[in-house]
Structures are given as structure tokens and as C-alpha cells.
Amino acid sequence: MKSHDMERLVAAARNAAENSYSPYSRYAVGAALLDADGGVWTGCNVENASYGLTMCAERTALFKAASEGRRSFRAIAIVGGTADAPAVPCGACRQTLAEFCAPDMPVAVAPLREGEATLRTLGDYLPHAFTPASL
Ligand code: THU
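Not measured: the values here are computed from a predicted model.

**Student:** Can you help me understand the overall build of the protein in this one?
**Tutor:** Summing up its helical and strand segments, the protein has four helices and five strands in all. The dimensions of the protein, computed from C-alpha atoms along their principal axes, are 40 × 35 × 25 Å. Relative to its 135 residues, the protein shows a buried fraction of 41%. Summarising the internal contacts of the protein: among those between residues at least 6 apart in sequence, 61% fall at separations of at least 24. Only carbon and sulfur atoms are counted for the fraction: they give 52% of the accessible area of the protein, which is about 7400 Å². Of the side-chain charges in the protein, 12 are positive and 14 negative, and the distance between the mean point of each set is 3 Å.

As C-alpha cells, then:
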């Protein structure tokens, strides 16, 4: 994927993080998922007074897309944290992404406010994933 496209995705994720509802952790996260048709699906983390019910930004974006019929994705950008410690997808989000996304799908993580993205793949984050092909 072109670096320009990934920059656009990071910008969309930063925009999405503006809507983060994170009064408990005060840790805003945004995500932007690019589908196979070029559509961009964004999400943010949505926390709850019953803390364990919190939904991550990545799964918010993925569930928005999947619930509108999208099943194939080309890349995701995630923003959160600082340049020294940018957010990375949690284990639950890695597994959820692996349901729909190939191991070679690019995953960019970047600090919430500004700064360079780090590019890895979903397989880097979740090697040997349990997927529909495992069944
Ligand atoms: N969070 C995400 O939205 N995505 C991740 O992959 C890491 C964690 C959120 C959940 C919670 O609202 C806050 O960040 C602190 O854990």
C-alpha cells in the first residue's frame, strides 16, 4: 500500500479519536480501517462505568464495517499514546481482526497527536492465529 494512503488512514484515525469516550482511563484511541472497495471505517474506544464492558477503537471500527456487510480489508491505522509508547492493538482486537484480515495486512500504529507511524503486519502482532481456516 502507498505511504500516502496510510497517511490518510492515520489522519482518519486521529479524527476518530476526537470522539473517544474515555473518562476512566483518559487514554483516547482512534482507528481507521480500509475496506477492499476503498471505504474507510473509523472507530474510537467507548468506556463504561462497568469497566470491563469497554469497547476498543479497533473493534468499534471493525464491527461498524462488518455490520454493514464488509468482509474484506486492506489496512488499519491505530492512534493512541505517545511517540515513546504508541498504542498497539490489544489481544482481543488482534484476534477479532484476524477473523476478517489476512496476516500480511498492514497495521500502522501512531501516537495520538502527531508523529511517525510504525508499520507492521497483523501477522507480526498475532502469529499463528486461530482463524476460520483453522476449523
Ligand atoms: N484501547 C483501545 O481502544 N485499543 C487498544 O487496542 C488498546 C486499548 C482502549 C481501551 C481503554 O478504553 C483504553 O484504551 C485504556 O486501556
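**Student:** Any chance you could explain the site of the ligand here in plain terms?
**Tutor:** Taken together, Ser25, Tyr27, Val29, Asn45, Glu47, Thr54, Cys56, Ala57, Glu58, Val88, Pro89 and Cys90 make up all the residues around the ligand. Interatomic distance of 2.9 Å between a side-chain N/O atom of Asn45 and an oxygen atom of the ligand. Surface burial for the ligand is 78%, taken as the share of its 380 Å² of free accessible area covered by protein chains.

**Student:** Can you walk me through the pairing of strand β3 (residues 73-80) in this structure?
**Tutor:** Side-chain positions along a regular strand alternate between the two faces of the sheet. Along β3, seven of the eight residues are buried, which leaves the element largely enclosed by surrounding structure. In this structure, β3 lies alongside strand β4 (residues 106-110), joined through four bridges in parallel fashion. Counterpart to Val79 in the pairing with β4 is Ala110. With helix α3 (residues 91-100) bridging β3 and the parallel β4, this β-α-β connection has right-handed handedness.

**Student:** Could you clarify how one ought to interpret the nonpolar core in this entry?
**Tutor:** Across soluble globular proteins, nonpolar side chains have a tendency to be buried as a group. One finds Leu33, Phe73, Ile76 and Val107 to be the most contacted residues of the largest nonpolar core, which totals 19 residues. Where this core is concerned, the elements lending two or more residues are β1 (29-35), α2 (57-66), β3, α3, β4 and α4 (122-125). Filtering out sequence-adjacent residues up to four positions away, Ile76 remains in contact with Met6, Leu9, Ala31, Ala32, Leu33, Glu58, Leu97, Met105, Pro106, Val107 and Ala108. Listed in part, the 15 residues of the second largest apolar core include Leu9, Ala12, Ala75 and Leu112.

**Student:** Could you clarify how one ought to interpret the layout of surface pockets in this entry?
**Tutor:** Empty space left among the atoms is revealed by rolling a probe the size of a water molecule over them. When its volume is computed, the largest pocket comes out at roughly 210 Å³. Along its surface, the largest pocket is lined by Met1, Lys2, Ser3, Met6, Glu7, Val10, Ala108, Gly115, Glu116, Ala117, Thr118 and Leu119. Mapped by element, the contributors of at least two residues to the lining of the largest pocket are α1 (3-17) and β5 (118-121). The dominant element in the lining of the largest pocket, judged by the number of residues it contributes, is α1, at four residues. Grouping the constituent residues of the lining of the largest pocket by class yields six nonpolar, three polar and three charged.

Rules used in this analysis
- Residues numbered from 1 in each chain as written.
- Predicted model: local features only at pLDDT ≥ 70, side-chain atom pairs only at ≥ 80, totals over all residues.
- Heavy atoms only, no water.
- Helix = DSSP H or I, 4+ residues; strand = E, 2+ residues; numbered from the N terminus.
- Buried < 20%, exposed > 50% of the residue type's maximum accessible area, 1.4 Å probe, protein only.
- Contact = heavy atoms within 4.5 Å.
- Areas by Shrake-Rupley, 256 points an atom, 1.4 Å probe, with all protein chains shown as cover.
- Lys, Arg positive; Asp, Glu negative; His and termini not counted.
- Charge placed at Lys NZ, Arg CZ, Asp CG, Glu CD.
- Near = heavy atom within 4 Å.
- Polar contact = N/O pair within 3.5 Å; in protein donor to acceptor, adjacent residues only side chain to side chain.
- Pairing = 2+ DSSP bridges.
- Right-handed = clockwise from strand over helix to strand, strands pointing away.
- Core = buried A, V, L, I, M, F, W, Y, C linked by side-chain atoms within 4.5 Å.
- 1 Å grid on protein atoms, 1.4 Å probe; cavity = no way out; pocket = protein on both sides within 12 Å on 5 of 7 lines; lining within 4 Å.
- Points joined across faces, edges and corners; volume = space filled by probe spheres on them.
- Nonpolar A, V, L, I, M, F, W, Y, C, P; charged D, E, K, R; others polar.

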